[in-house]
Amino acid sequence: MSARPAGEPLLTVRGVHRRFGAGATAVHALREVSFDLAAGTMTALVGRSGSGKTTLLNVIGGLDRPDAGTVLVDGTDVTALDEDGLSLLRREKVAYVFQTFGLIPVLSAAENVGAPLRLARVPAAERERRVELLLELVGLADHAQQRPGELSGGQQQRVAIARALAASPRLLIADEPTGQLDAETGLSVMALLRGVVESEGVTALVSTHDPVMMALADRVIRINDGRLDGQAAP
């Protein structure tokens with residue numbers, strides 16, 4: 001995967017609109033949303049419940065399609081991809097972290113982290129080195145053989161972050177990654193994401209509602225009723 005030329009944004013969103021339903025009962029979840037993200041930065045996406053945060057993240061990551069507009073991730077037009085192209089995008093360029101962790105209960109921490117590399121048929125020795133490095137990065141080198149049920153919520157989210165980083169994505173999307181954690185644990189996870197941006201060179205877009213956590217971001221984007229703050233109503 002080649003990086004974007006210096007000065008070019010890693011993520012470009014232009015005129016994205018997403019509507020659910022039709023007629024008088026239609027819900028306009030996103031309304032002409034446009035912005036850029038520079039490579040190697042962490043951006044906090046902020047808004048109340050129902051503001052459009054999750055819909056926007058899903059459109060950017062190819063989990064949902066907009067009714068209008070374009071999304072470019074590392075030069076790839078996400079909105080023009082077919083299902084095979086979207087699957088490849090999510091394997092190679094975009095990774096997700098959810099608040100529900102999503103770990104496989106019967107696998108150890110190391111096996112969960114290595115799962116994407118197995119799917120990509122990475123040779124065993126290389127896979128083991130990458131898993132060891134990532135568990136060290138998230139502070140869980142001593143917990144490699146423990147299963148999710150033997151780990152705290154914060155530790156499980158750290159495993160989920162390590163798994164998301166396994167295939168060296170260009171864009172990391174995190175949807176309320178601290179939503180199920182207490183304040184202190186949540187702050188440590190956000191600090192970890194901040195460190196990941198710097199050490200792995202990944203670009204992170206993180207939705208959150210915690211003002212304390214916004215201080216760790218390079219930039220804050222606010223969304224309200226499907227529009228970014230400062231964006232004129234159509």
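Residues numbered from 1 in each chain as written. Predicted model: local features only at pLDDT ≥ 70, side-chain atom pairs only at ≥ 80, totals over all residues. Heavy atoms only, no water.

**As for helix H2 (residues 83-92)**
Looking at H2, one finds that the buried residues are Gly85, Leu86 and Leu89. For H2, the angular spread of buried residues about the axis comes to 100°, placing them on one side. Within H2, the exposed residues directed more than 90 degrees away from the buried face are Glu83 and Asp84. Residues of H2 that are buried make contact with strand E5 (76-77) and strand E6 (94-98). Two to three positions downstream of the cap, the backbone nitrogen of Asp84 sits 3.3 Å from a side-chain oxygen, assigning the N-cap of H2 to Asp82. (Buried < 20%, exposed > 50% of the residue type's maximum accessible area, 1.4 Å probe, protein only. Helix = DSSP H or I, 4+ residues; strand = E, 2+ residues; numbered from the N terminus. Arc of directions from axis to C-beta. Contact = heavy atoms within 4.5 Å. Polar contact = N/O pair within 3.5 Å; in protein donor to acceptor, adjacent residues only side chain to side chain.)

**Some words on the pairing of strand E7 (residues 171-175)**
Burial within E7 is extensive, with five of its five residues counted as buried. Along E7, one buried face is formed by Leu171, Ile173 and Asp175 and the opposite face, lined by Leu172 and Ala174, is buried too.

**Considerations on a negative patch on the surface**
A cluster of acidic residues, Glu128, Glu132, Glu136 and Asp142, forms a negative patch at the surface. With respect to the element layout, Asp142 can be found in the loop between helix H4 (124-137) and helix H5 (153-165). (Patch = residues over 30% accessible without salt bridge, like charges linked within 9 Å, V, L, I, M, F, W, Y side chains within 5 Å. Areas by Shrake-Rupley, 256 points an atom, 1.4 Å probe, with all protein chains shown as cover. Salt bridge = Lys/Arg side-chain N within 4 Å of Asp/Glu carboxyl O. Lys, Arg positive; Asp, Glu negative; His and termini not counted. Charge placed at Lys NZ, Arg CZ, Asp CG, Glu CD.)

**Quick notes on the packing of helix H3 (residues 109-119) against H4**
It is the contact of H3 with H4, at a shortest axis distance of 9 Å, that shows an interaxial angle of 135°. With respect to their mutual orientation, H3 and H4 come out oblique. As H3 runs across H4, the sense of the crossing is right-handed. Residues Ala110, Val113, Gly114, Leu117 and Arg118 of H3 form the contact with H4, whose own contacting residues are Arg127, Arg130, Val131, Leu134 and Leu135. By residue class, the composition of the contact of H3 with H4 is six nonpolar, one polar and three charged. (Axes fitted to C-alpha atoms, helices over the stretch in contact; angles between N-to-C directions. Parallel < 35°, antiparallel > 145°, perpendicular 65-115°, else oblique. Left-handed = near helix turned anticlockwise from the far one by under 90°. Nonpolar A, V, L, I, M, F, W, Y, C, P; charged D, E, K, R; others polar.)

**Quick notes on the packing of aromatic side chains**
For the structure shown, the criterion picks out one aromatic pair. Residues Tyr96 and Phe98 carry aromatic rings whose centres are separated by 5.2 Å and whose planes lie at 5° to one another, so their mutual orientation is stacked. (Phe/Tyr/Trp six-rings, centres within 6.5 Å; stacked < 30°, edge-to-face > 60°.)

**Some points on the pattern of salt bridges**
Counted by the stated rule, this structure contains 11 salt bridges. One salt bridge in this structure joins Glu83 and Arg65, with 3.7 Å as the shortest N-O distance. With Glu83 in helix H2 and Arg65 in the loop between helix H1 (53-60) and strand E4 (68-73), this residue pair connects regions lying 18 residues apart in the sequence. The salt bridge partner of Arg170 is Asp74, with a shortest N-O separation of 3.5 Å. Of this pair, Arg170 sits in the loop between H5 and E7 while Asp74 sits in the loop between E4 and E5, and the two are 96 residues apart along the sequence. What makes Asp74 buried here is its relative accessible area of 4%. When salt bridges that share partners are traced, they join Arg18, Asp64 and Asp67 into one network.

**Details of the confidence of the model for the protein chain**
This prediction gives the protein chain a mean pLDDT of 90; 95% of its residues lie at or above 70. The spread of mean pLDDT over the elements of the protein chain runs between helix H7 (residues 211-214), the lowest at 76, and E4, the highest at 97. In the model, residues 1-6 has pLDDT below 50 throughout and makes 13 contacts with residues more than four positions away in sequence or in other chains. (pLDDT = per-residue confidence, 0-100.)

**Quick look at the sheet that holds E6**
The strand order across the open sheet formed by six strands is E6-E7-E8-E3-E9-E10, and the pairing between neighbours is mixed. Each edge of the open sheet is held by one strand with a lone partner, namely E6 and strand E10 (227-228). Pairing between strand E9 (residues 219-224) and E10: two bridges, direction antiparallel. Its bridge partner being in E10, Ile223 is matched across the sheet by Leu228. (Pairing = 2+ DSSP bridges.)

**Topic: the pairing of strand E1 (residues 11-20)**
Taking burial as the measure, the 10 residues of E1 include seven buried ones, the bulk of the element. With seven bridges connecting them, E1 and strand E2 (residues 27-37) associate as antiparallel partners. Each residue of the ladder has a partner; that of Val13, found in E2, is Phe35. Hairpin remark: E1 followed by E2, antiparallel, with six residues in the connecting loop; positive phi at Gly21, about 85°. Of the strand pairs in this sheet, E1 and E4 are connected by five bridges, and their pairing is antiparallel. Residue pairing for E4: Leu11 is matched across the bridge by Val73.

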